[in-house]
Amino acid sequence: MPLLVRRLPLPQSLISVIVPVRDEAKTLRMTLSALAHQVDFQGHPIPPSQYEVIVFANNCTDESAAIVRQFARQHPEFQLHLIEQSLSPEDAHIGRVRQILMDEAYRRRCWVGQSVGIIASTDGDSTVDKRWIAAMLYEFERGADAVGGRTVTQRAERHALDVQTRATYLRFVGYRYLIKQLEDHLDPDPFDCPPRHYQFFGANFAVTYQMYALAGGLPPLPTGEDVAFHKALLALGARVRHSVLMRATTSARQQGRASLGLADRLAQFQHLSQRQQVFLVEPGAAVEAKLRARRDLRRYWRCYSTGRPVLVGPSLATLATHLAVPLTRLQQAVEQSSSFMELDQQIEQERQTVGLWQQQWGSVAIDKAIADLRLRLYRLRQQSPIAAGLS
């Protein structure tokens, strides 16, 4: 396939930032300005020759493409490229557009014979922090294969939401953070250590060229392509960092460009608010039970994958009970998986298919789950770090 951007990357440019855009004229100038004025941790400007930005204006009916051209003329030193196309209805979705962009970034590096580099992703309705590039480089220099940055919603748009919708959204974010903190106590990731978060969103992530190729590229799903890519990276055993330093701000609008994204989540919260219904989530007891079972399964996997006898911990039959999956399916997953995260994902999928976990634990109001998680965290923090890890 021929390159969509004719101008080749500069030899010293190791980062390709991709920006999918559809009718983002209201926010696109801020998006581009934030990318064009990056600084290091000391506040010194990062030379624009060290990174490039590729914008894909797809199926636009506003002035998005004209804004990119104008910005490029006003900032000639900025390595800004524009792809403008109208895709067919079956391809005109965010997963396919992001895949086209990331594939283009990868092919450009291959074309000039570069074996190392980074592909970073953001969106046309998002604004990256002025130290976004610096934070990204910091995490990759520390050994990451991929980085998910911290993404927050625009304050003005968030405050424009009704009180109940905003409260539910903030509770949802807090709930996800509490789960990560509980995970840090019960089943910690030795690479992705605290402080960290739970996000790996299209508006704010990056991956090395090598790992992008190993993962087979970005899956062109109509929605949730970022989540699927994250899972693919974890299944490969990639070192994924959830960085609190690599920050971006995105829109809190409720009419999104992609289904099942943040906009749809906010619309769901508003719908519940209008009906005076609560948002239901997994109970804190279920979260803790799942993490403890996953920790025990990880220990079993370490022995199995290295050919050592499993001398301590629950048997596979007991693990199947704790994980709420059939023993035969668990045995099959253990034998077929090439990494623990691949095994974990298979078990989670099986758990959802069988449905025994949901039958056992049910769902509770999110505020009740948050209170329970906080209490469980408090109890764990009263223990020594060793006791918390072995309990």
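Before reading on, note that the structure itself is shown above.
None of these values were measured; they are calculated from a predicted model.

Analysis parameters
Residues numbered from 1 in each chain as written. Predicted model: local features only at pLDDT ≥ 70, side-chain atom pairs only at ≥ 80, totals over all residues. Heavy atoms only, no water. Helix = DSSP H or I, 4+ residues; strand = E, 2+ residues; numbered from the N terminus. Phe/Tyr/Trp six-rings, centres within 6.5 Å; stacked < 30°, edge-to-face > 60°. Buried < 20%, exposed > 50% of the residue type's maximum accessible area, 1.4 Å probe, protein only. Core = buried A, V, L, I, M, F, W, Y, C linked by side-chain atoms within 4.5 Å. Contact = heavy atoms within 4.5 Å.

**Regarding unusual backbone geometry**
Residues Pro194 and Pro195 are joined by a peptide bond in cis, for which omega reads 0°. The topology assignment puts Pro195 in the loop between α6 (163-186) and β7 (205-208). Positive phi values are uncommon outside glycine, yet Asp23 reaches one of about 55°. Relative to the elements of secondary structure, Asp23 occurs in the loop between β1 (15-21) and α1 (28-36). A positive phi angle, near 60°, is found at Ala324, a position not held by glycine.

**Some thoughts on the packing of aromatic side chains**
Applying the stated criterion across every chain, the model contains 13 aromatic pairs. A ring pair is formed by Tyr51 and Phe78, whose centres lie 6.3 Å apart and whose planes are at 65°; its orientation type is edge-to-face. Within this pair, whereas Tyr51 is found in strand β2 (residues 51-58), its partner Phe78 is found in the loop between α2 (64-74) and β3 (80-85), the two being separated by 27 residues in sequence. For Phe78, a relative accessible area of 3% corresponds to the buried category. When the centroid spacing of 5.5 Å and the interplanar angle of 85° are considered together, the rings of Tyr177 and Tyr198 count as edge-to-face. Note that Tyr177 is positioned in helix α6 and Tyr198 in the loop between α6 and β7, a separation of 21 residues in sequence. There is no split in this pair, since Tyr177 and Tyr198 are both buried.

**Details of the nonpolar core**
Core analysis: the largest hydrophobic core is formed by 32 residues, its most contacted members being Val17, Val53, Trp132 and Met136. Listing elements by their share of this core, those giving two or more residues are β1, α1, β2, α2, β4 (118-121), α4 (132-141) and β8 (240-250). Ranked by residues supplied to this core, first place goes to α4 with six residues. Leave out the neighbours within four places in its chain, and Val17 touches Leu35, Glu52, Val53, Ile54, Ala120, Thr122, Trp132 and Ile133. Counting residues in each nonpolar core, the second largest holds 27 residues, with Ile83, Ile100, Leu218 and Leu233 among its members.

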